[in-house]
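Survey of secondary and tertiary structure
Spelled out from the first residue to the last, the chains are:
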Amino acid sequence: MSYMITEGCIGCGLCKRNCPVFAISGEPKQMHRINPKRCIECGVCGRLCAKGAVQTSKGVVLQRVPKKDWPKPHINEKLCSACSICVDSCASGALKIAMPKFKGDIDVAAELTAPEKCVACALCEKRCPLGAIRLVPVPAEPSSAAAQKNEAKPDAGRDAASAASPESKASEEVRV
Ligand code: SF4
Ligand code: SF4
Ligand code: SF4
């Protein structure tokens, strides 16, 4: 089974540049195609496509999802054996094995060192032999009731804004 690209495609190439298994081909401004022998149905192409031009083998059109809402890899350092399989699986270069903290330190694990490069393909999760890496949903936005409560308390909103550092904001960067 494989995902498919439909005639709505404008050939922007965004899916081709971000497919983790290099399953997509096509020339700029021409309809792209997915190689069904390579596609792992991760959905990265559909989450990126602004034209709604990617569909499943059952004809379900994939919806675009903002990058800030994509699930994020979480590594369980107690389970991770630092085997590097996830690092080698990640075509985006988002993972590394941590450096030892001191001479003789063997208690190292995989790390998400470049979260802005992660396309949430879940290949790392699928290939980890120890179940040490899982994609987890991003926390939900505060409810509208909570937002209204904060509006009623001006200081509360200001405190929250000052607590959010620029570094903590997820980058919208993709391979464009
Ligand atoms: S992202 Fe969408 S429009 Fe762009 S090349 Fe891929 S399928 Fe076509
Ligand atoms: S679903 Fe994933 S593997 Fe298949 S073409 Fe799209 S990005 Fe590539
Ligand atoms: S989900 Fe895992 S394999 Fe896929 S891009 Fe993110 S870190 Fe790399």
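Treat the numbers as computed from the prediction; the structure is a model and nothing was measured.

Observations regarding the overall build of the protein chain
Scanning the protein chain for helices and strands turns up 6 helices and 8 strands. Along the protein chain, from the amino end to the carboxyl end, the secondary structure elements read β-α-β-β-α-β-β-α-β-β-α-β-α-α. Counting only residues that meet the buried cut, the protein chain has 19% of its 176 residues in that class. Partitioning the contacts of the protein chain with sequence separation of at least 6, the portion at a separation of at least 24 is 61%.

Digging into the site of ligand 3
What surrounds ligand 3 is a group of 14 residues, the closest being C90, S92, C118, C121 and C124. Tallied by class, the residues present in the shell around ligand 3 amount to 12 nonpolar, 2 polar and no charged.

A look at the site of ligand 1
Close contacts around ligand 1 come from 15 residues, with C9, C12, C15, C49 and A53 the closest. Among the residues forming the shell around ligand 1, the class breakdown is 11 nonpolar, 3 polar and 1 charged.

Structural notes on the nonpolar core
By size, the foremost hydrophobic cluster in this structure holds 28 residues, and its most contacted members are C15, V44, C45, V54, C86 and C124. Taken together, the elements giving at least two residues each to this core come down to α2 (44–48) and α4 (123–127). Those residues in contact with C86 that sit more than four places away from it in its chain are L95, A110, C124, R127, C128 and I133.

Regarding the confidence of the model for the protein chain
Of the residues in the protein chain, 81% have a pLDDT of 70 or more, and the chain-wide mean is 85. Residue range residues 150–173 is modelled with pLDDT below 50. Its contacts to residues more than four positions away, or to other chains, number 11 contacts.

As for the environment of K58
As for its position among the elements, K58 is in the loop between β4 (54–55) and β5 (72–75). Sequence separation between K58 and M1 is 57 residues; the distance between their C-alpha atoms is 9.5 Å.

Considerations on unusual backbone geometry
The phi torsion at A82 lies on the positive side, around 60°, for a residue other than glycine. Unlike most non-glycine residues, S84 shows phi in positive territory, near 80°. Positionally, S84 belongs in the loop between β5 and α3 (85–89). When the 12 C-beta atoms within 10 Å are taken as the criterion, S84 is described as exposed.

So, the environment of P100
Among the secondary structure elements, P100 is positioned in the loop between β6 (95–97) and β7 (110–112). Dropping the residues within four chain positions of it, P100 is found in contact with D105 and V108.

Overview of the environment of H74
With respect to the secondary-structure elements, H74 resides in strand β5. Spatially, the C-alpha atoms of H74 and V136 are 6.6 Å apart, while their sequence positions differ by 62 residues. Each residue touching H74, except ones within four places of it in the same chain, is listed here: R134 and V136.

About the cut-offs
- Residues numbered from 1 in each chain as written.
- Chains lettered and ligands numbered in written order.
- Predicted model: local features only at pLDDT ≥ 70, side-chain atom pairs only at ≥ 80, totals over all residues.
- Helix = DSSP H or I, 4+ residues; strand = E, 2+ residues; numbered from the N terminus.
- Buried ≥ 20, exposed ≤ 12 C-beta atoms within 10 Å, placed from the backbone.
- Contact = placed C-beta atoms within 7 Å.
- Near = placed C-beta within 6 Å.
- Nonpolar A, V, L, I, M, F, W, Y, C, P; charged D, E, K, R; others polar.
- Core = buried A, V, L, I, M, F, W, Y, C linked by C-beta atoms within 7 Å.
- pLDDT = per-residue confidence, 0-100.

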